[in-house]
Amino acid sequence: MLESCKCYLILKTKKGHQLSSKSLKLSAKIALVFIVILAICAIFAPFILSYNPNEINLDSKLLPPSMTHILGTDYLGRDIFTRLIYGARISLSASFATLALILFFGIALGGVSGFVGGALDRILMRLCDVFLSFPTIILSLFLVAILGGGLANVIVAIAATHFAWYARIVRAIIFSAKNKEYVALSAVYGLNAAQSFKRNMLPPILRQCATLAMLDIGHIMLHISGLSFVGLGVAAPTAEWGIMIADSKDYIWSNPSLILYPGAALFICVVAFNVLGDGVREYFSVGLKN
């Protein structure tokens, strides 16, 4: 009996390891390269850019693209390209910080709910139902109005509106795995609860959460920029894509490029994360079929 359990568990492990032999599709690789390059530029912006993103120079306002200013300058003479790169620092860092909070609370609450069950499970799931019953943007606006403006409060508000999805997924995975034959066999083989969780439940949880996170981060970026656009997030004159769009709305007809550049940067970044998320989803699904 123990030998058959051992063979079964080895086969499950080998099946999981087949994921490493697969690779992302080309579009996902291109998206990943773009995101990595953008992140590197954002991190090292003070060392690779010569302009201050917030320095006002009215003598150089609304200049067209040139060798000196690659994308020109805005209505206050600030270099647009520099502000785009510094804006990427805020968008990426805030999005990943929000995602980290979402994953932490989603996995923690979903894990506790799935393992403990009973009354605690019902209470936690009803809490999740409350957050899932409202549109995320409406609930974000409500929470920011309560907490106050600022990037930190925006991160907390967005995390609070998204964690319930992850908690639901983690709980469902744990409930499903607890009823699997190989989980029961692992106990017979001698694995304790922690070892069984690490071997049998953690891999599918990480796969599902990684896929959802990659698909969700673009949505989070739009939330952050949207709240900054309406004045509830990052405050001017900080270089952030939502702020750049809001500050340039009065120039939409005379200098549409002021809105076009940050809007295009946000659009391309969101598309890149969506493409990467789709590639990650396909990567895991192909591995699981083999």
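Residues numbered from 1 in each chain as written. Predicted model: local features only at pLDDT ≥ 70, side-chain atom pairs only at ≥ 80, totals over all residues. Heavy atoms only, no water.

Named according to an unreviewed UniProt entry, the chain is Nickel ABC transporter permease subunit NikC originating from Helicobacter saguini. Its UniProt record gives the chain the following Subcellular location (unreviewed entry) comment, quoted word for word: "Cell membrane". Per UniProt, the chain carries the Sequence similarities (unreviewed entry) text "Belongs to the binding-protein-dependent transport system permease family." (UniProt positions renumbered as here; feature names shortened; annotations may be inferred.)

Draft legend 1. View of a nonpolar patch on the surface. On the surface, a cluster of nonpolar side chains totalling about 700 Å² of accessible area is made up of Leu32, Val36, Ile40, Ile43, Phe44, Phe47 and Ile48. Listing elements by their share of the nonpolar patch, those giving two or more residues are helix 2 (26-43) and helix 3 (45-48). It is helix 2 that contributes the most residues to the nonpolar patch, four residues altogether. Note on placement: Leu32 falls in helix 2. (Patch = residues over 30% accessible without salt bridge, like charges linked within 9 Å, V, L, I, M, F, W, Y side chains within 5 Å. Areas by Shrake-Rupley, 256 points an atom, 1.4 Å probe, with all protein chains shown as cover. Salt bridge = Lys/Arg side-chain N within 4 Å of Asp/Glu carboxyl O. Helix = DSSP H or I, 4+ residues; strand = E, 2+ residues; numbered from the N terminus.)

Draft legend 2. Up close: the packing of aromatic side chains. Scanning all chains against the criterion turns up five aromatic pairs. Geometrically, the ring pair formed by Phe96 and Phe273 is edge-to-face, given 6.1 Å between the ring centres and 70° between the ring planes. Separated by 177 residues along the polypeptide, Phe96 in helix 4 (residues 80-116) and Phe273 in helix 11 (residues 257-289) bring together distant segments of the chain. Take Phe96: its relative accessible area is 39%, and that puts it in the partly exposed class. Arranged with centres 5.2 Å apart and planes meeting at 70°, the rings of Phe131 and Phe163 form a pair that is edge-to-face. (Phe/Tyr/Trp six-rings, centres within 6.5 Å; stacked < 30°, edge-to-face > 60°. Buried < 20%, exposed > 50% of the residue type's maximum accessible area, 1.4 Å probe, protein only.)

Draft legend 3. Inspection of the layout of surface pockets at higher detail. In this structure, the second largest pocket occupies an estimated 250 Å³ of space. Lining the second largest pocket, in full, are Phe34, Leu38, Cys41, Leu71, Phe81, Leu84, Ile85, Trp241, Tyr261, Ala264, Ala265 and Ile268. Counting only elements with at least two residues in the lining of the second largest pocket, the list comes to helix 2, helix 4 and helix 11. Among the elements that make up the lining of the second largest pocket, the one with the highest residue count is helix 11 (four residues). (1 Å grid on protein atoms, 1.4 Å probe; cavity = no way out; pocket = protein on both sides within 12 Å on 5 of 7 lines; lining within 4 Å. Points joined across faces, edges and corners; volume = space filled by probe spheres on them.)

Draft legend 4. The arrangement of the packing of helix 5 (residues 118-132) against helix 7 (residues 151-178) in detail. Interhelical geometry of helix 5 versus helix 7 gives an angle of 140° and a closest axis separation of 8 Å. Relative to helix 7, the element helix 5 is oriented oblique. Handedness of the helix 5/helix 7 crossing: left-handed. On helix 7, the residues that touch Asp121, Met125, Arg126, Cys128, Asp129, Phe131 and Leu132 of helix 5 are Ala160, Phe163, Ala164, Trp165, Ala167, Arg168, Arg171 and Phe175. Classifying every residue of the contact of helix 5 with helix 7 gives 10 nonpolar, no polar and five charged. (Axes fitted to C-alpha atoms, helices over the stretch in contact; angles between N-to-C directions. Parallel < 35°, antiparallel > 145°, perpendicular 65-115°, else oblique. Left-handed = near helix turned anticlockwise from the far one by under 90°. Contact = heavy atoms within 4.5 Å. Nonpolar A, V, L, I, M, F, W, Y, C, P; charged D, E, K, R; others polar.)

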